[in-house]
Amino acid sequence: MTAEPAHSRLLKRYAEHAGQDAVEQLRQLADLLAGLKVVHVNSTLKGGGVAEILEKLVPLMQELGLDTSWKVIEGNDDFFACTKSFHNALQGKALRIPETLLRVYEDVNARNAERLRPVLEEADVVFIHDPQPALLLRHLPARRGKWIWRCHIDLSHPYRPVWNYLRQFLVSYDASVFSLDAFAQPMPHPVFLIPPSIDPLSEKNLPLDPETVHEVLAEFGIDPQRPLVIQVSRFDRFKDPLGVIQAYQLAKGFVPSLQLVLAGGGAVDDPEGEGVLSEVREAAEGDPDIHVLSSGHYSDRTINALQTAADIVLQKSLREGFGLTVTEAMWKGKPVIGGNTGGIRLQLLNHRTGFLVDTPEGAAMRIRYLLFERPRMGQIGQNARELVRQNFLITRHLREYLTLMVALTHGNEDRIELG
Amino acid sequence: MVDFAIKDCVLAIISTGRRAQTLSELRNVLRDVHPGCIYHHFWGTLLRPQFSDREYNNDFATWCHHSLHDNRAAERLAVIDPAGFSDLESLRQELIEVIDERLDETELMLFARADQQFHFARSVIVVFDTHRRLSHPAELVKALPELSVGSVFYHFIDARRREPIGVDDFLAWLLGLGPEYQGLCNSLAEVDPYFESLFVLRDRLAGLFTEHFVEAAT
């Protein structure tokens, strides 16, 4: 008797969460692409949302029979200073980037193109993630595959001079991918829309045993017997932490035992974040039931435990990208009250999977409603989990990458019939 | 008996970059937008995230209701049955006429919020053979709950715009097998596919086949 090959184990584990039908569909779709050489290129192996996605997508693609590899470009401090500025400018901040930094950006891409030339020229499909490696393409005229620029950034209101600089290089790609229609910019090639996803097997999302959850609550002095609402977000005005405190205070008049956790990362390198945090501390002062967790980095497991313990999760953003913290909370079966903005609108359907609100008053009203109608809360949480299972797990994300590859490698038809 | 070939499909969604913020802008873009957009916003929308029941069965109507708050336009657009049109161009004309009528009767110019504009998208549908074949309708009792939602979409919804229009693949297969399945055919014809998620629709169809082949036999 032979042992089960390691390569089929991961898909099996995903089938437990996403359903056997979803995994079977991936296998069938991947059969159409068997043997294809696929390369993903980004700027970091660890840390950040892109690396987190690739850590799982790449082995899954390999399991499905695609010859997939992941390459990381090498840069220096000036290069990353430049791409950090790109990141901020593309999200709307008016930033002039010095010519010297732009030259560094171009040189680093040229050097990496030389280093990666054999693998990139041979690839059938190349995914370039975000602006950091975007200029590789111009140095590889002998490439034979399809090149796709995958933009993980909200480009709805870019700072134009920076966008125009990058755009001149991006127009040569065969396609782009954006997370949402609202984030996209017009391009001369097909612009595909693929929303992001969460990984049910990550530390952030795996189910925790009740002891672990209780230990974390005890660590922060949170009473497990009393109702708890939580917002997990960095201390940023667009996340409206002050609005969350206002909503909590309004609701507490009707639910005196209510507790609030505001959990966010440290803000040492973000002067504006420091200002918001001190305003939050001031607003929370004197109320022992408001727990502001801001001292440094909390592990994924800690955040998972806090979300798991919460009765209701808030994401009262005034402006938001896709809002993956909403997705994570929904996956834990929590009713979410979210700001009526960005990708949150795609996930929360009033009275079914959560509530969309426009004001702190609206959030307070929904907190009171849900705590009063506890059975309804359970039902909404179940619906929320099911919506995520069907639409926002990494298996769906992978399916859309495979579909995109089939579409690009089979011409420009609106309808492609195979087999 | 002809075998039933189970197929599957997936959609790749492509942004056109075109948007509308008012009803008249919606009409203007509709005049010359890629015909794939008409398909996508009527049919493709059914393969996108949704939970259970949906109020309006196409994106144009949903947008008029939720973003423009023009319920008259929403209701009139929602009642358009895309399966009743032989091609996407005639469906486009119907949409434009309904919107023109609404624009003629109102002096109000309703605007959607800047972040709630209508984004025109189109989709590429990739259809592939699962190589699974069914030789008898009773096999659908077991097969239906195992189908991907892409298969449900392809056979029960997308089929309605293929020739002969208005008939899903299950019904077409049963009709070709003679009168013994007339009762099941009638039940299938009663299922309105536009108001629930494909997961719920799959369960509903599985229920009909189970009722016919299993419960009737016991």
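**With respect to the overall build of chain A**
Then comes step 1: Within chain A, the secondary structure is distributed over 15 helices and 13 strands.
Then comes step 2: For 419 residues, the compact-globule estimate of 2.2 N^0.38 gives 22 Å, and chain A sits close to it at 23 Å.
Then comes step 3: Dimensions along the principal axes, computed over C-alpha positions, put chain A at roughly 70 × 60 × 40 Å.
Then comes step 4: In chain A, which comprises 419 residues, the share counted as buried stands at 47%.
Then comes step 5: The long-range share in chain A, meaning contacts at least 24 apart out of those at least 6 apart in sequence, stands at 67%.

**Some words on the overall build of chain B**
Then comes step 1: Scanning chain B from terminus to terminus reveals ten helices and two strands.
Then comes step 2: Along its sequence from the N terminus, chain B presents helices and strands in the succession β-α-α-α-α-α-β-α-α-α-α-α.
Then comes step 3: Principal-axis analysis of the C-alpha atoms gives chain B an extent of 60 × 30 × 30 Å.
Then comes step 4: Counting all 218 residues of chain B, 42% fall into the buried class.
Then comes step 5: Long-range contacts, defined here as pairs at least 24 residues apart, represent 73% of the contacts in chain B between residues at least 6 apart.

**Comments concerning the interface of chain B and chain A**
Note: interface size is frequently given as the accessible area lost on complex formation between the parts.
Then comes step 1: Counting residues at the interface gives 27 residues for chain B, matched by 37 residues for chain A.
Then comes step 2: Contributions of two or more residues to the side of chain B that touches chain A are made by strand S1 (4-20) and strand S2 (118-134) of chain B.
Then comes step 3: Among the elements that take part in the side of chain B that touches chain A, S2 of chain B stands out by supplying nine residues, more than any other.
Then comes step 4: Here the side of chain B that touches chain A is composed, by residue class, of 15 nonpolar, eight polar and four charged.
Then comes step 5: Judged from the four bridges that link them, strand S13 (residues 415-418) of chain A and S2 of chain B form a sheet pairing that is parallel. Along S2 of chain B, the bridge assignment pairs Leu418 of chain A with Phe128 of chain B.

**Details of the sheet that holds strand S8 (residues 259-263) of chain A**
Residue and element names in this part refer to chain A.
Then comes step 1: Pairing within the open sheet is parallel, and its six strands lie in the order S9-S8-S7-S10-S11-S12. Pairing within the sheet leaves two strands with one partner each, and these edge strands are strand S9 (290-293) and strand S12 (354-357). Across the sheet, the mean angle from the axis of one strand to that of its neighbour is 20°, orientation sign disregarded.
Then comes step 2: When strand S11 (residues 336-339) meets S12, the two strands line up parallel, connected through four bridges.

**Topic: unusual backbone geometry**
Then comes step 1: One non-glycine residue with positive phi stands out, namely His351 of chain A, at about 70°.
Then comes step 2: Backbone geometry places His131 of chain B, a non-glycine residue, at a positive phi of 65°.
Then comes step 3: Within the secondary structure layout, His131 of chain B lies in strand S2.

**Let's talk about the packing of helix H3 (residues 59-68) of chain B against helix H4 (residues 71-78) of chain B**
Residues and elements named next belong to chain B.
Then comes step 1: Axis separation between H3 and H4 bottoms out at 7 Å; the angle between their running directions is 165°. Judged on the interaxial angle alone, H4 and H3 are roughly antiparallel. The handedness of the crossing between H3 and H4 is left-handed. On H4, the residues touching Phe60, Ala61, Cys64, His65 and Leu68 of H3 are Asn71, Ala73, Ala74, Leu77 and Ala78.
Then comes step 2: Residue composition of the contact of H3 with H4, by class: eight nonpolar, two polar and no charged.

**A few points about the domain arrangement of chain B**
Residue and element names in this part refer to chain B.
Then comes step 1: Domain annotation of chain B identifies domain 1 (4-8 + 129-215) and domain 2 (10-122).
Then comes step 2: Distance from the C-alpha centre of domain 1 to the C-alpha centre of domain 2: 28 Å.
Then comes step 3: Listed by partner, the interface residues are 14 residues for domain 1 and 13 residues for domain 2.
Then comes step 4: The set of elements that each furnish at least two residues to the side of domain 1 that touches domain 2 consists of helix H7 (149-157) and helix H10 (198-215).
Then comes step 5: Its residues placed into classes, the side of domain 1 that touches domain 2 shows seven nonpolar, three polar and four charged.

**Points about the packing of helix H2 (residues 20-31) of chain A against helix H15 (residues 394-409) of chain A**
Residues and elements named next belong to chain A.
Then comes step 1: Where H2 meets H15, the axes come as close as 10 Å, and the angle between the chain directions of the two elements is 20°. Considering the angle they form, H2 stands roughly parallel to H15. Seen from above, H2 lies across H15 with left-handed handedness. Contact residues: Ala22, Val23, Gln25, Leu26, Leu29 and Ala30 in H2; Thr395, Leu398, Arg399, Leu402, Thr403 and Val406 in H15.
Then comes step 2: In the contact of H2 with H15, the residues fall into eight nonpolar, three polar and one charged.

**Section: the confidence of the model for chain B**
Residue and element names in this part refer to chain B.
Then comes step 1: Summarising the model, chain B shows a mean pLDDT of 90, and 96% of its residues fall at 70 or more.
Then comes step 2: Averaged pLDDT values for the elements of chain B fall to 91 in H10 and rise to 97 in helix H1 (residues 23-32).
Then comes step 3: Scored as a complex, the prediction yields pTM 0.89 and ipTM 0.88.

**Focus on the domain arrangement of chain A**
All names here are of chain A.
Then comes step 1: Once the domains are mapped, chain A shows domain 1 (6-197 + 394-408) and domain 2 (210-391).
Then comes step 2: On the domain 2 side, the residues contacting the eight residues of domain 1 number six residues.
Then comes step 3: Of the residues in the side of domain 1 that touches domain 2, the class split is four nonpolar, two polar and two charged.

**Quick notes on the confidence of the model for chain A**
Then comes step 1: For chain A, mean pLDDT is 92; residues scoring 70 or higher make up 96% of the total.
Then comes step 2: Element-level pLDDT for chain A is lowest in helix H1 (residues 6-18) of chain A, with a mean of 84, against a maximum mean of 98 in helix H8 (residues 241-252) of chain A.

**Observations concerning helix H10 (residues 300-309) of chain A**
Then comes step 1: Burial analysis of H10 of chain A places seven of its ten residues in the buried class, which makes it a mostly covered element.
Then comes step 2: Where H10 of chain A is buried, its residues touch helix H7 (210-219), strand S7 (228-232), S8, strand S10 (312-315) and helix H11 (324-331) of chain A.

**Considerations on the sheet that holds S1 of chain B**
Then comes step 1: The nine strands are arranged S2(A)-S1(A)-S3(A)-S4(A)-S5(A)-S6(A)-S1(B)-S2(B)-S13(A) in an open sheet whose pairing can be described as mixed. Bordering the open sheet on either side are strand S2 (67-72) and S13 of chain A, each of which pairs with just one other strand. In this sheet, neighbouring strand axes are inclined to one another by 25° on average, regardless of whether the strands run parallel or antiparallel.
Then comes step 2: Note that S1 of chain B and S2 of chain B share 14 bridges and pair antiparallel. Within the sheet, the bridge partner assigned to Leu11 of chain B lies in S2 of chain B and is Ile125 of chain B.

What counts, and where the lines are drawn
Residues numbered from 1 in each chain as written. Chains lettered and ligands numbered in written order. Predicted model: local features only at pLDDT ≥ 70, side-chain atom pairs only at ≥ 80, totals over all residues. Helix = DSSP H or I, 4+ residues; strand = E, 2+ residues; numbered from the N terminus. Rg over C-alpha atoms; globule rule 2.2 N^0.38 Å. Buried ≥ 20, exposed ≤ 12 C-beta atoms within 10 Å, placed from the backbone. Contact = placed C-beta atoms within 7 Å. Nonpolar A, V, L, I, M, F, W, Y, C, P; charged D, E, K, R; others polar. Pairing = 2+ DSSP bridges. Axes fitted to C-alpha atoms, helices over the stretch in contact; angles between N-to-C directions. Parallel < 35°, antiparallel > 145°, perpendicular 65-115°, else oblique. Left-handed = near helix turned anticlockwise from the far one by under 90°. Domains from an automatic or database assignment. pLDDT = per-residue confidence, 0-100.

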